[in-house]
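# Survey of secondary and tertiary structure
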Amino acid sequence: MSRLFQFARQWKPIIKEGFSQSFLIAKFLCLLHVTNTHVCTPVLVYGPSMLPTLNLTGDVVLVEHLSQKFGKVGPGEVVVVRSPENPRKTVTKRIVAVEGESVTFLVEPALSDRSHTVVVPRGHVWIQGDNIYSSRDSRQFGPVPYGLILGKAFWRVWPPDGFGSL
Amino acid sequence: MGTRNFLWNSAKKFFTIGLIGLTVSDRYFSIVPVRGYSMSPTFNPQISSYTGSLTDDRVLVEKFCLEKYKFSCGDVVVFCSPSNHREMHIKRITALPGDWISTPHSYDAIVVPKGHCWVEGDNSVFSLDSRSFGPIPLGLVHGRVTHIVWPPQRVGKVDKRIPQEHLPF
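Residues numbered from 1 in each chain as written. Chains lettered and ligands numbered in written order. Predicted model: local features only at pLDDT ≥ 70, side-chain atom pairs only at ≥ 80, totals over all residues. Heavy atoms only, no water.

## Looking at the overall build of chain B
Looking only at helices and strands, chain B has 2 helices and 10 strands in total. Projecting the C-alpha coordinates of chain B onto the three principal axes gives extents of approximately 75 × 40 × 30 Å. Sorting the 169 residues of chain B into buried and exposed places 41% on the buried side. Partitioning the intrachain contacts of chain B with sequence separation of at least 6 by distance along the chain shows that 59% fall at a separation of at least 24. Element-wise, carbon and sulfur atoms account for 61% of the exposed surface of chain B, whose accessible area totals about 9900 Å². (Helix = DSSP H or I, 4+ residues; strand = E, 2+ residues; numbered from the N terminus. Buried < 20%, exposed > 50% of the residue type's maximum accessible area, 1.4 Å probe, protein only. Contact = heavy atoms within 4.5 Å. Areas by Shrake-Rupley, 256 points an atom, 1.4 Å probe, with all protein chains shown as cover.)

Written as structure tokens, this is what we have:
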């Protein structure tokens, strides 16, 4: 019995140290999560739909979330949006129009000159890729609710020769 | 000197608790109050004469479903309103992508598009739901309601059921 107490007394400071280090790591992970979700996070974007602004093979951009929370994301800004066709995917496009504005777009730019005009409903935005020939955006899936916008891409960090604001 | 130390330590403690609370409520569980009567009798079954929030139901919302976005028909979910991103609503999912829904007041039937769902409140009279704003993208869903945690006499699991008259064909 006394050997058990001796054993516990030996290990107690080590166990306490273990707990306090784990707590420190947990606090750091929480800080990382809060910063990535609510402040700013780097995102890898790839695909042809935002040429020539973003490269085909992949760019790392910084996305900030504060503008979206205050409702200050507007036309002309590149945003990262949760796809309305698959909630597990995120897409990067540019906002062309916000609620109340009317959008005129070419239905099939590679095939014909036919264009269509739509008024963006309340609480929605119209997003389009810069490369209209190879982009799946609001022209196919319609206006997107503002709540799907994850954040505004404002700075490119990779590749190094593209370092700078978008 | 001692007070400054004390204030600094308290500030650090509050900051840590805030960070941990925010992380847990974003990733695992959170407790939200239910306002309004669109989900009667599941939530807020009696129309209360007080407008105070002490009598509102409070429910436990789990966020584990947001990893795969795999929902079933009959789940009660919390989602961001498509017409006003600052508001959150609580309704029940009554149709998943690919299901057919008959629109009220007409003979049309529409199919729920890919990546969207059809939400309706249990109390059809009082509820502003997909019958007004159409199917919502699943990306707007912020969690699934699993239990009622307040008031104490109604604590329990929230059933996953489809009201008979809402069965899509």
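The discussion continues.
## Re the side chain of His 116 of chain B
Residue placement: His 116 of chain B occurs in strand 7 (residues 116-120). For His 116 of chain B, a relative accessible area of 14% puts it in the buried group. A polar side-chain atom of His 116 of chain B sits 3.1 Å from the main-chain carbonyl oxygen of Lys 114 of chain B. With near-sequence residues (within four places) excluded, His 116 of chain B lies in contact with Pro 84 of chain A together with Leu 96, Pro 97, Pro 135, Ile 136, Pro 137 and Leu 138 of chain B. (Polar contact = N/O pair within 3.5 Å; in protein donor to acceptor, adjacent residues only side chain to side chain.)

## Quick look at the nonpolar core
Ranked by size, the top nonpolar core spans 26 residues in total, and within it Val 81, Ile 95, Val 125 and Ile 127 of chain A together with Phe 71 of chain B carry the most contacts. Contributing elements (two or more residues each) for this core: strand 3 (78-82), strand 4 (90-97) and strand 7 (124-128) of chain A together with strand 3 (76-81) and strand 7 of chain B. Broken down by element, this core gets its largest block of residues, 3 residues, from strand 3 of chain B. Within the second largest apolar cluster, 11 residues are counted, among which are Val 34, Val 59, Val 61 and Ile 90 of chain B. (Core = buried A, V, L, I, M, F, W, Y, C linked by side-chain atoms within 4.5 Å.)

## Overview of the UniProt feature "domain: Peptidase S26" (unreviewed entry) in chain B
When the UniProt feature table is mapped to this numbering, "domain: Peptidase S26" (unreviewed entry) covers residues 9-102 and 111-150 of chain B. Each end of residues 111-150 of chain B is marked by a C-alpha atom, and these two atoms are 37 Å apart; helix forms 10% of the span and strand 45%. (UniProt positions renumbered as here; feature names shortened; annotations may be inferred.)

## Concerning the interface of chain B and chain A
Of the residues lining the interface, 23 residues belong to chain B; the matching set on chain A comes to 24 residues. At the junction of chain B with chain A, the criterion picks out 0 salt bridges. Between the two partners, chain B and chain A, sit 6 residue pairs in polar contact (both at pLDDT 80 or more). Contributing elements (two or more residues each) for the side of chain B that touches chain A: helix 1 (2-27) and strand 4 (84-95) of chain B. With 8 residues, helix 1 of chain B is the single largest residue contributor to the side of chain B that touches chain A. Of the residues contributing to the side of chain B that touches chain A, the split by class is 10 nonpolar, 7 polar and 6 charged. (Salt bridge = Lys/Arg side-chain N within 4 Å of Asp/Glu carboxyl O. Nonpolar A, V, L, I, M, F, W, Y, C, P; charged D, E, K, R; others polar.)

## Section: the packing of helix 1 (residues 2-39) of chain A against helix 1 of chain B
For any two helices packed against each other, one specifies the inter-axial angle together with the distance between the axes. For the pair helix 1 of chain A and helix 1 of chain B, interaxial distance at closest approach is 9 Å and the crossing angle is 65 degrees. Seen along the crossing, helix 1 of chain A lies across helix 1 of chain B with a hand that is left-handed. Here Phe 23, Lys 27, Cys 30, Leu 31, His 33, Val 34, Thr 37 and His 38 of chain A of helix 1 of chain A come into contact with helix 1 of chain B, specifically with Phe 15, Thr 16, Leu 19, Ile 20, Leu 22, Thr 23, Asp 26 and Arg 27 of chain B. Among the residues making up the contact of helix 1 of chain A with helix 1 of chain B, the classes are represented as 8 nonpolar, 5 polar and 3 charged. (Axes fitted to C-alpha atoms, helices over the stretch in contact; angles between N-to-C directions. Left-handed = near helix turned anticlockwise from the far one by under 90°.)

## As for a nonpolar patch on the surface
A cluster of nonpolar residues, Ile 25, Phe 28, Leu 29, Leu 31 and Leu 32 of chain A together with Phe 15 of chain B, forms a patch on the protein surface that exposes about 600 Å² of accessible area. Residue contributions to the nonpolar patch peak at 5 residues, all from helix 1 of chain A. One can find Leu 32 of chain A in helix 1. (Patch = residues over 30% accessible without salt bridge, like charges linked within 9 Å, V, L, I, M, F, W, Y side chains within 5 Å.)

## Topic: the confidence of the model for chain B
Scored by pLDDT, chain B comes out at a mean of 88, with 91% of its residues at no less than 70. Complex prediction metrics read pTM 0.88 and ipTM 0.86. (pLDDT = per-residue confidence, 0-100.)

## Looking at the pairing of strand 5 (residues 102-106) of chain A
Residue and element names in this part refer to chain A. Here strand 5 shows one buried face, formed by Val 103 and Phe 105, and one open face, formed by Ser 102, Thr 104 and Leu 106. Taken together, the 5 bridges between strand 5 and strand 6 (residues 115-119) define a ladder with antiparallel strand orientation. Along strand 6, the bridge assignment pairs Val 103 with Val 118. (Pairing = 2+ DSSP bridges.)

## Considerations on the environment of Val 77 of chain B
All names here are of chain B. With respect to the helices and strands, the residue Val 77 is situated in strand 3. Classification of Val 77 as buried rests on a relative accessible area of 0%. Taking C-alpha positions, Val 77 is 8.2 Å from His 89, a pair spaced 12 residues apart along the chain. Aside from chain neighbours lying at most four places away, what touches Val 77 is Phe 71, His 89, Ile 90, Lys 91, Ile 93, Val 119, Val 141, Gly 143 and Arg 144.

## A closer look at helix 1 of chain B
If you check helix 1 of chain B, its first and last C-alpha atoms are 38 Å apart, about what 26 residues at 1.5 Å a residue would give, namely 38 Å. Of all the positions in helix 1 of chain B, only Thr 16, Leu 19 and Thr 23 of chain B are classed as buried. (Expected span 1.5 Å × (residues − 1).)

## Observations regarding the UniProt feature "active site" (unreviewed entry) in chain A
All names here are of chain A. Under the local residue numbering, the UniProt record ascribes the feature "active site" (unreviewed entry) to Ser 49 and Lys 93. On the basis of their most widely separated C-alpha atoms, the annotated residues across 45 residues gather in one place, lying no more than 7.8 Å apart. Structurally, the position occupied by Ser 49 is in the loop between strand 1 (40-45) and strand 2 (59-64). A relative accessible area of 12% places Ser 49 in the buried class. Under the relative-accessibility criterion, Lys 93 is labelled buried at 5%. Not counting residues within four places of it along the chain, the set of residues in contact with Lys 93 comprises Ser 49, Met 50, Glu 77, Val 78, Val 79, Ile 127, Gln 128, Gly 129, Ser 135, Arg 136 and Asp 137. At a separation of 2.9 Å, a polar atom in the side chain of Lys 93 contacts the side chain of Ser 49.

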